[in-house]
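Listed below are the residues making up each chain.
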Amino acid sequence: MRSLLFLFFTLLITMSANAQHENHQTSADTVVKAKSPRRSAMALVGKNHVHIDYGSPSVRGRNIWNGLVAYGQVWATGAHKATWIEFSSDVQVAGKLVPRGKYGFFTIPGKEEWVLILSKDWDMHLADAYKVENDIIRVTVKPIVNKDITESLTYKVVRTSSDKGNIEVSWELLTVILPFQNVK
């Protein structure tokens, strides 16, 4: 009788352990998608390779402008780490020389206009360590209201001529554009 009880309890414990283990296993079909994945956008404009790295949050039914993203405050224009833009050649932005290199891209969103910023500081968490004295350039633009929603924050490098391009940032129903021109 003792050995039968021992066998019964051993079987019960083994079945219990297997049942718990099965609840913690993931199948090959289970993929956990990041809510704000790192993305990149890049293009050649002439011989200038323009590369952007950013975190791409989604709207997911949230109030974005003057809600999740405050008006009048510096924003890293993406999620988690600050967005950066790298130019392989010198460019002009709003008539000012921007030497080739990597820059933090920040914005100050507003209802009627936005300030677009290229900063010497590019490696930081969000805009936590942002310092205005490290700005290379600030450009004020009017946001474009889109007919269709852009669910995930999206950057594009758009070649507009052989030596000119735009950096386009779209999210929710808005797009802002930073034009640039290669320096010959």
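In the block above lies the structure referred to throughout.
Quick notes on the rules
- Residues numbered from 1 in each chain as written.
- Predicted model: local features only at pLDDT ≥ 70, side-chain atom pairs only at ≥ 80, totals over all residues.
- Heavy atoms only, no water.
- Pairing = 2+ DSSP bridges.
- Helix = DSSP H or I, 4+ residues; strand = E, 2+ residues; numbered from the N terminus.
- Axes fitted to C-alpha atoms, helices over the stretch in contact; angles between N-to-C directions.
- Core = buried A, V, L, I, M, F, W, Y, C linked by side-chain atoms within 4.5 Å.
- Buried < 20%, exposed > 50% of the residue type's maximum accessible area, 1.4 Å probe, protein only.

J.: Explain the sheet that holds strand β4 (residues 91-93) here, please?
T.: Backbone-to-backbone hydrogen bonds pair the strands of a sheet. The strands run either parallel or antiparallel. Strand order in the open sheet formed by four strands is β5-β4-β10-β9, with antiparallel pairing between adjacent strands. The two strands at the open ends of the sheet, each matched to only one other strand, are β5 (96-98) and β9 (144-159). Taking the axes of each pair of neighbouring strands and ignoring which way they run, one obtains an average angle of 40 degrees across the sheet. Alignment of β9 against strand β10 (residues 164-182), held across nine bridges, turns out to be antiparallel. Note that in β10 the partner of I144 across the bridge is T175.

J.: Explain the nonpolar core here, please?
T.: A general feature of soluble globular proteins is that nonpolar side chains tend to end up buried together. Grouped together as the largest cluster of nonpolar side chains are 35 residues, with contacts concentrated most on F87, L118, Y155, I167 and F180. For this core, the element with the most residues is β10, which contributes seven residues. Among the nonpolar cores identified, the runner-up in size contains eight residues, and A82, F106, M124 and Y130 belong to it.

J.: What's the story with the sheet that holds strand β8 (residues 135-141) in this structure? I'm lost.
T.: One open sheet accounts for six strands, arranged β1-β2-β3-β6-β7-β8; its pairing is antiparallel. In this open sheet, the two strands that pair with only one neighbour each are β1 (38-45) and β8. On average, each strand axis in the sheet is tilted by 20 degrees relative to the strand beside it, whichever way the strands run. Inspection of the sheet shows strand β6 (residues 101-108) paired to strand β7 (residues 114-119) by five bridges, in the antiparallel sense. If you follow G104 over to β7, its bridge partner there is S119.

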